[in-house]
Amino acid sequence: MGFFDGLRPGRAADFDSGNAANSIELTKRHSQVSLTKQDAANGHLRINLTWRMRTSDFSGGQRESLLRHPFKALRPPEVIGHSQSMVNVDLDLGCLYELADGSKGVVQPLGGLLGDINAPPYVKLTGDDRFGSGSGETMYVNLDHRDAIKRLLVFVYIYDQTPAFDRTHAIVTLYPSNGPRIEIGLDERHPQARSCAVVMIENVKDEILVRREVRFVYGFQGELDRLYGWGLQWGRGYKSKVER
């Protein structure tokens, strides 16, 4: 069965299960949760990245506008969050993987390294959202093969011509096969950072642990690699142009 066969009618629950009504926020103080203990160390773990621009970026223009159109103050604060005419936003979701057999690599949009859900590395990125749509970017981890997985580092990086993290409000959400979703917000102010290690998923003595990282770096994947000792070789990558 192919990966997207699971998205056909009658199989969607395999990917979107979990209790969406409740959530766990991983913080500095409460930074770790066990998927094994909540009976969610199987099935497909969905990981989603969404972002929007902070309204403070537009405060100058809004201040003048509110004087002329006072009823605009009644709008929700993030109503212009996805306005692509104002700023070019392109955050990318990626994953460094290390398997139990020692093999290592990366799943990311650059280079078309989208992974595989039914074969190593058992991580699949569904595509590249270049414009901050409501659905964001999504990857899946096949925890039915958890014995083959040693560790996964989920990260977010900023592509060229994109504002720094302090101008975006980004959140990474994990949807396990059972229990509440897990949220990690990237709200710390690091104006010059270009990448962020968000969450580590590790198999520790047959227990699947999810640990908040949220470590910002000023470089790209190579710097995250050195920080966590992955040992891969990196080169500069580019995306092809797309029509809006």
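Refer to the structure printed above.
Residues numbered from 1 in each chain as written. Predicted model: local features only at pLDDT ≥ 70, side-chain atom pairs only at ≥ 80, totals over all residues. Heavy atoms only, no water.

Visitor: Looking at this structure, how should I read the overall build of the protein chain?
Guide: The number of helices and strands found in the protein chain is three helices and 13 strands. Counting all 244 residues of the protein chain, 48% fall into the buried class. Partitioning the intrachain contacts of the protein chain with sequence separation of at least 6 by distance along the chain shows that 71% fall at a separation of at least 24. Split by element, the accessible area of the protein chain, about 12400 Å² in all, is 49% carbon and sulfur. (Helix = DSSP H or I, 4+ residues; strand = E, 2+ residues; numbered from the N terminus. Buried < 20%, exposed > 50% of the residue type's maximum accessible area, 1.4 Å probe, protein only. Contact = heavy atoms within 4.5 Å. Areas by Shrake-Rupley, 256 points an atom, 1.4 Å probe, with all protein chains shown as cover.)

Visitor: What's the story with the nonpolar core in this structure? I'm lost.
Guide: Within soluble globular proteins, side chains that are nonpolar generally end up buried alongside one another. Grouped together as the largest cluster of nonpolar side chains are 42 residues, with contacts concentrated most on L35, I47, V156, F165, L174, L186 and I201. Membership of the second largest hydrophobic core comes to 12 residues, among which are L96, F155, M200 and Y228. (Core = buried A, V, L, I, M, F, W, Y, C linked by side-chain atoms within 4.5 Å.)

Visitor: Would you take a moment to explain unusual backbone geometry for this structure?
Guide: If a residue is not glycine, its phi is most likely negative; likewise, a peptide bond is most likely trans. Across the junction of P120 and P121, the peptide omega takes the value 10°, indicating a cis bond. For P121, the position within the fold is in the loop between strand 6 (115-116) and strand 7 (123-125). The backbone phi angle of K205 is positive, close to 55°, even though this residue is not glycine. One can find K205 in the loop between strand 12 (195-204) and strand 13 (207-217). Classification of K205 as exposed rests on a relative accessible area of 81%. Positive phi is not limited to glycine here, since D206 has a value of about 65°. Positionally, D206 belongs in the loop between strand 12 and strand 13.

Visitor: Explanation requested: helix 3 (residues 221-228) in the structure shown.
Guide: Because the α-helix completes a turn every 3.6 residues, residues three or four places apart line up on one side. Every buried residue of helix 3 is accounted for by Q221, G222, L224, D225 and Y228. End-on view of helix 3: buried residues confined to an arc of 160°, all on one side of the axis. Looking at the buried positions of helix 3, the neighbouring elements they touch are strand 4 (91-99), strand 9 (149-158), strand 12 and strand 13. At the C-terminal side of helix 3, G229 shows a positive phi close to 65°. (Arc of directions from axis to C-beta.)

Visitor: What should I look at first to understand the sheet that holds strand 2 (residues 32-34) in this one?
Guide: In a beta sheet, neighbouring strands are held together by backbone hydrogen bonds and run either parallel or antiparallel to one another. Taken together, the six strands give an open sheet; going across it, the order is 2-13-12-9-4-5, and neighbouring strands pair in antiparallel fashion. Of all strands in the sheet, those bounded by a partner on one side alone are strand 2 and strand 5 (104-107). Averaged over neighbouring strand pairs, the angle between their axes works out to 20° when direction is ignored. The pairing of strand 9 with strand 12 spans seven bridges and is antiparallel. Each bridged residue has a counterpart across the sheet, and for F155 the counterpart in strand 12 is A197. Against the sheet, helix 3 engages strand 4, strand 9, strand 12 and strand 13, with an angle of about 125° to strand 13. (Pairing = 2+ DSSP bridges. Axes fitted to C-alpha atoms, helices over the stretch in contact; angles between N-to-C directions.)

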